[in-house]
Amino acid sequence: MSVSIDESWKEQLEEEFGKDYFIQIVQFLKDQKQAGKVIYPPGPLIFNAFNTTPFDKVKVVIIGQDPYHGAGQAMGLSFSVPDGVKPPPSLVNIYKELKEDLDIPTPNHGNLTKWAKQGVLLLNAGLTVEAGQPMSHGNIGWHTFTDAVIKKISDKLNGVVFILWGNFARQKKELIDTSKHFVLESAHPSPFSVTKFLGNRHFSKTNKILEDQGKKTIDWSLD
């Protein structure tokens, strides 16, 4: 089936788009919309992570679990919110680590598009959610799709840094060939586990890994 997504990803994922589970995802979303349900993020932003970070540009993958379910928050990039939207608690804690690790001033916004444009794939395991209903689309097939995305990156690319925050993300490690990629793991930045998250120094560690490979490092500042 035809999916509006960056050509580099379309080429890699064409096979997935034709599978029954993906066709069922599309039908489910159509049915929900017809039933008057509000779905986040808006349709054009469902594949925002892929459209902002082409397949061959991926250097880092940060895996989130679910899109934000509040009005105006979800924008198709894990942990990110659009300009003008207050950064949620987990993102606030990510900014605290950024300050502690690299002495980067806390941004006055929550838009992480600058990271995505540098090759940081901000991938949520689920790509949609019903308004006000966290994890409501957790079983409609998105996880099968994003697992295939992680596997494709692992198989086709080299030296990618996978950042896994929290138990859910860490389960994805089994999809990654650690003989040719790098995995950084820690607790989730949510308020419930932030004390175990802070101090992981994942931002500086990522840049050291990229530098050692002769790759351009990530400018993590968001000013």
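Residues numbered from 1 in each chain as written. Predicted model: local features only at pLDDT ≥ 70, side-chain atom pairs only at ≥ 80, totals over all residues. Heavy atoms only, no water.

Observations regarding helix H6 (residues 142-156)
One turn of an α-helix holds 3.6 residues; hence residues three or four places apart share an orientation.
Point 1. Look at H6: 21 Å from first C-alpha to last across 15 residues, which is about the 21 Å you get at 1.5 Å a residue.
Point 2. Within H6, burial applies to Trp142, His143, Phe145, Thr146, Ala148, Val149, Ile150, Ile153 and Ser154. (Helix = DSSP H or I, 4+ residues; strand = E, 2+ residues; numbered from the N terminus. Expected span 1.5 Å × (residues − 1). Buried < 20%, exposed > 50% of the residue type's maximum accessible area, 1.4 Å probe, protein only.)

Let's talk about the side chain of threonine 206
Point 1. You can see threonine 206 is positioned in helix H9 (residues 202-212).
Point 2. Sequence-distant contacts of threonine 206, that is, excluding residues within four places in its chain, are made with Val60, Val161, Ile163, Leu184 and Trp220. (Contact = heavy atoms within 4.5 Å.)

Remarks on the nonpolar core
Burial of nonpolar side chains together is a common tendency in soluble globular proteins.
Point 1. In terms of nonpolar packing, the biggest core is built from 62 residues, with Trp9, Phe47, Phe50, Trp115, Trp142, Phe145 and Ile153 touching the most fellow members.
Point 2. Contacts of tryptophan 115, omitting those with residues within four sequence positions, involve Ile62, Ile94, Leu98, Val120, Leu122, Phe203, Asp219, Trp220, Ser221 and Leu222. (Core = buried A, V, L, I, M, F, W, Y, C linked by side-chain atoms within 4.5 Å.)

Some remarks on the side chain of asparagine 93
Point 1. Among the structural elements, asparagine 93 can be located in helix H4 (residues 89-102).
Point 2. Judged by relative accessible area, asparagine 93 falls into the buried class, the value being 6%.
Point 3. Residues in contact with asparagine 93, not counting those within four places in the same chain, are Pro189, Ser190, Pro191, Val194, Phe197 and Leu198.

A word on the pairing of strand E5 (residues 161-165)
Point 1. Here E5 lies mainly inside the structure; 5 of its 5 residues are buried.
Point 2. Of the two faces of E5, the one lined by Val161, Ile163 and Trp165 and the one lined by Phe162 and Leu164 are each fully buried.
Point 3. Taken together, the 4 bridges between strand E2 (residues 60-64) and E5 define a ladder with parallel strand orientation. Bridging from a neighbouring strand, valine 61 pairs with phenylalanine 162 of E5.
Point 4. With 5 bridges joining them, E5 and strand E6 (residues 182-186) adopt parallel strand pairing. Within the sheet, the bridge partner assigned to phenylalanine 162 lies in E6 and is valine 183. (Pairing = 2+ DSSP bridges.)

A few points about the pattern of salt bridges
Point 1. Evaluated as defined, the whole model comprises 11 salt bridges.
Point 2. The closest approach of N and O atoms between lysine 173 and glutamate 185, which form a salt bridge, is 2.9 Å. Residue lysine 173 is located in the loop between helix H7 (166-170) and E6, and its partner glutamate 185 is located in strand E6; the two are separated by 12 residues in the primary sequence.
Point 3. On the accessibility criterion, lysine 173 (35% relative accessible area) is partly exposed.
Point 4. Members of the salt-bridge network, linked through shared partners, are Lys114, Asp219 and Asp223. (Salt bridge = Lys/Arg side-chain N within 4 Å of Asp/Glu carboxyl O.)

Focus on the packing of helix H2 (residues 20-34) against H6
Point 1. For the pair H2 and H6, interaxial distance at closest approach is 9 Å and the crossing angle is 130°. In terms of their interaxial angle, H2 and H6 are classed as oblique. Here H2 and H6 pass one another in a crossing that is left-handed. Contact residues: Tyr21, Phe22, Ile25 and Leu29 in H2; Trp142, Thr144 and Phe145 in H6.
Point 2. Tallied by class, the residues present in the contact of H2 with H6 amount to 6 nonpolar, 1 polar and no charged. (Axes fitted to C-alpha atoms, helices over the stretch in contact; angles between N-to-C directions. Parallel < 35°, antiparallel > 145°, perpendicular 65-115°, else oblique. Left-handed = near helix turned anticlockwise from the far one by under 90°. Nonpolar A, V, L, I, M, F, W, Y, C, P; charged D, E, K, R; others polar.)

What about the environment of alanine 71?
Point 1. With respect to the helices and strands, the residue alanine 71 is situated in the loop between E2 and H4.
Point 2. Between the alpha carbons of alanine 71 and valine 85 there is a distance of 9.6 Å; along the sequence they are 14 residues apart.

Topic: the sheet that holds E6
Point 1. The strand order across the open sheet formed by 4 strands is E3-E2-E5-E6, and the pairing between neighbours is parallel. Among the strands making up the open sheet, the edge pair consists of strand E3 (120-124) and E6. Each neighbouring strand pair of the sheet contributes to a mean axis angle of 20°, computed without reference to strand direction.
Point 2. Sheet topology note: the E2/E3 ladder contains 5 bridges and is parallel. Among the inter-strand pairings, valine 61 is bridged to a residue of E3, identified as leucine 121.

Limitation: the analysis is restricted to geometry and does not speak to function.
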